[in-house]
Amino acid sequence: MANTSPSQVTQHLLVVLVEDHPGVLNRVVSLMRRRSFNIDSITVGHSEQPGVSRMTIVVNGADDEVEQVGKQLYKLLEVLKVTDITDQPCVARELALIKVAAKSQTRAEILQIAQIYGARVLDASPNSLLMEATGGEDKIDALLGMLRGFGIRELVRTGRIAMVRGPQTAQTDGTGRRSGRSLERITEGTVAVAE
Amino acid sequence: MAVAATPRRAPSPPPAAGRAATAHPAEGQVLSGSQLTCAALEAEGVSTVFGYPGGAVIPLYDALPGSSLHHVLVRFEQWAVLAADGYARATGEVGVCMATSGPGATNLVTGLANALLDSVPLVAITGQVPQPMIGRDAFQEVDITGITLPVTKHNYLVQRAEDIAPTIKEAFYLARSGRPGPVLVDIPKNVFLARAPFHYPETVARRGYQPSHIPNQRQVRLAAEAINRAERPLIMAGHGIMLAGATDLFREFVERSGIPVIFTLLGLGAFPESHPLSLGMMGMHGHREANAALERCDLLVNIGARFDDRATGRIDGFAPNAKVVHVDIDPAEIGKNVVTDVPVVGDAGEALRLLIPEVTPRRHEEWVAWIDTQRNRALHAALEDRPQTPEPYAIIRAIAEATDGQAIVTTDVGQHQMWSAQHFGYDHPDRWISSGGLGTMGYGLPAAIGAKIGRPDLEVWAVVGDGGFQMSLNELATAAQEGLDLNVAVINNGYLGMVRQWQDLFHAKNYSEVAISGPDFVKLAEAYGVTGIRVRRDDEILPAIERARSIPGPVVVEFVVEPEANVYPIVPPGASNSEAMHDRWVDEASV
Ligand SMILES: Cc1ncc(C[n+]2csc(CCOP(=O)(O)OP(=O)(O)O)c2C)c(N)n1
Ligand SMILES: [Mg+2]
């Protein structure tokens, strides 16, 4: 039966290893935009290999759409490896810097909230506190929920970065096992869809 | 057959076809960036480039006369890319074009998009402002690598003269390997002027580029099993068969399996249309029997096509009873538009080579006989004896008849394009050159120029609309300057016909901005120093075609046709292929 199967939209966590060339972020983002893939967050930084950057991309889409994301990403020359680690046991973290309004009457309460969420205070002024929080998005959302009433003056969140638990890496681990759902590059002799 | 005038060539002879050029400089010889560019093109076996000079490429044009390259000076850069595109489709080689920075470069965008959507191998070389000026909004500076990112397979901004040759090497490799496509190389003016030793690498190695050529054996076996089991199988032939140079293998596969074939617009020519197993074009303007077979088949074997929406119609009504086998070299095409039961990722030729021995020789007599009942014989019969002014379909048939189906036909986009697709009867590969994915009006004449230069041995006819021709008719000057023996058939209906047809059928005949006047095409031809012929009556068609063929150099034949003739069948936008509308006049006649 030749039609598209509607499947459910969920959030996917992709790790993308790319050659560290000028314009590579532009290529990736431009691709996602023109194919109407819905990016929630994207982070880029160095990886353990020189010359290779690591992107963590959070996308919303049905499984088949995300498979398309992977295949389209592989069409970019700089893209070396795409892994969907959504269903893997992994550590996912985000860093937030939060500047919250704090007067003498509220300061103690804010410090208490920070302590509950394990946020570190980095700077203080008569009218504000600057704190750093790391954790999953849920935790940071919850912290922000608690602080909102005091007045959030400034906020920056990095977006998610993630790593699979255990010995495997986002590379193939040498035995051909992958730490993630197959978005493996289709090369000679491999099959086009996850079996 | 018209006598082929020898095209005017550059004084030095072009290098022999093939990778190894005869005249390129010795390894290690120190050259300017411009000379390195020419040497790299020569090393790729390039003989012809289509282009237009300007400030940023003056150094490159300085080096051209000292090279073996024949430069074709177009009249507008957009037609340089599309001439290179026509050249590539006619020859199977990489087409090459060049333009200056800024407006020269932006004029390439449409042609690059055209080549990307139709998987045509192209390399475009643009000049850029000098490196110290980049990012300062310098005169004629545009970020062409940024602009062309979504319309190229890949692009480069070259930073050092010593990178020019390796970059061009990689660009050609990318353009022609895997799924072919356009690659742009942007070179700053000061890099053209800098000097570096010539070094041409033998191979290209990019970790991130590993096209899959040979398909998975198991998938091939699964495909063969599906084929051997099917009761009502159907093959859908796409451009990929031509790109793989696999038409002979394809024919072997079709004849062995006994499976009827339908074609996408760009698949025409993959297999002889005159063959009993050919059902002609599918899709929006597809033949009745082709779409009827799609509706009923229990297995659809797509080889080298990408399930474009003009081919599939509404997707949930597409091949509703079929399992799908999809052979494609681009894994991203598998499952993109149509759910695939058996994907085979690889080159069409390699896939067919593996598939043929696995397929049981069969004849699907009952199935083929049923399809035959769907052929609209009345349509053909009725068309034959419709009187009136020159019928567009009759013009296409007359060109086919006069040239014995051997000519290369290029087209613009619109009704005349669809009539050309429906009525010529393509029996040979690489004779049908049309803008499929992008639908670029004005493509016909520049593509014909490229095709004629690439295949001087073949007769070339550009079938163009009066609208599209008015976009690119300045290239008559190029054809004249090059002394090209090609013919242009202008199907003059006084309308942007295809748009008018949609307004007629789907917008209550609200003819908004589709009536289009034009010049006196005969006088226009004469103004360009070429021959013009006008045809107003049915019985003048064939003599005019024969006259055009006998005259050397470019000839423009204007056919004044019925203004409101429509292309049938037509699948209304958003409808499925089974809901095609047919010609009322003909349907009544067939009762
Ligand atoms: C560059 C460009 N602009 C607009 C269109 C939309 N379009 C498609 S067919 C068509 C009419 C073409 O008219 P003409 O060249 O006279 O051909 P006809 O359909 O009359 O045979 C138009 C405007 C297009 N395909 N390309
Ligand atoms: Mg017209």
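Residues numbered from 1 in each chain as written. Chains lettered and ligands numbered in written order. Predicted model: local features only at pLDDT ≥ 70, side-chain atom pairs only at ≥ 80, totals over all residues. Heavy atoms only, no water.

(A) Molecular detail of the overall build of chain B. Regarding its fold elements, chain B presents 25 helices and 20 strands. Taken over the C-alpha trace, chain B has a radius of gyration of 24 Å; the compact-globule value for 591 residues is 25 Å, and the two agree within 12%. C-alpha atoms of chain B, sized along the principal axes, occupy 75 × 60 × 45 Å. Within chain B, the proportion of its 591 residues that are buried is 62%. In chain B, once contacts between residues fewer than 6 apart in sequence are set aside, the share between residues at least 24 apart is 75%. Carbon and sulfur atoms provide 52% of the accessible area of chain B, an area that totals close to 21200 Å². (Helix = DSSP H or I, 4+ residues; strand = E, 2+ residues; numbered from the N terminus. Rg over C-alpha atoms; globule rule 2.2 N^0.38 Å. Buried < 20%, exposed > 50% of the residue type's maximum accessible area, 1.4 Å probe, protein only. Contact = heavy atoms within 4.5 Å. Areas by Shrake-Rupley, 256 points an atom, 1.4 Å probe, with all protein chains shown as cover.)

(B) Representation of the overall build of chain A. Within chain A, the secondary structure is distributed over four helices and nine strands. Secondary structure elements of chain A, listed N to C terminal, follow the sequence β-α-β-β-α-β-β-α-β-β-α-β-β. A total of 195 residues make up chain A; the buried ones form 42% of that total. For chain A, restricting intrachain contacts to residue pairs at least 6 apart in sequence, the fraction spanning at least 24 positions comes to 74%. As presented, chain A carries roughly 10000 Å² of accessible surface, and 51% of it is formed by carbon and sulfur atoms.

(C) Molecular detail of the state of the cysteines. Residues and elements named next belong to chain B. Applying the stated rule across the entire model yields zero disulfides over all chains. No disulfide involves Cys97; its nearest neighbouring cysteine sulfur is the one of Cys38, lying 15 Å away. Assessed through its relative accessible area of 0%, Cys97 is described here as buried. (Disulfide = S-S within 2.5 Å.)

(D) Spatial organisation of the sheet that holds strand S3 (residues 70–73) of chain B. All names here are of chain B. Ordered by their spatial adjacency, six strands build an open sheet running S3-S2-S4-S5-S7-S6, and the pairing between neighbours is parallel. The open sheet terminates on both sides in strands that have one partner only, identified here as S3 and strand S6 (154–157). Across this sheet, the average inter-strand angle for adjacent strands is 20°, counted without regard to direction. Looking at chain direction, S6 and strand S7 (residues 182–188) are connected through four bridges and run parallel. Residue Tyr156 lies in a different strand from S7, and its bridge partner there is Val185. (Pairing = 2+ DSSP bridges. Axes fitted to C-alpha atoms, helices over the stretch in contact; angles between N-to-C directions.)

By themselves, these are just geometric observations and shouldn't be taken as functional.
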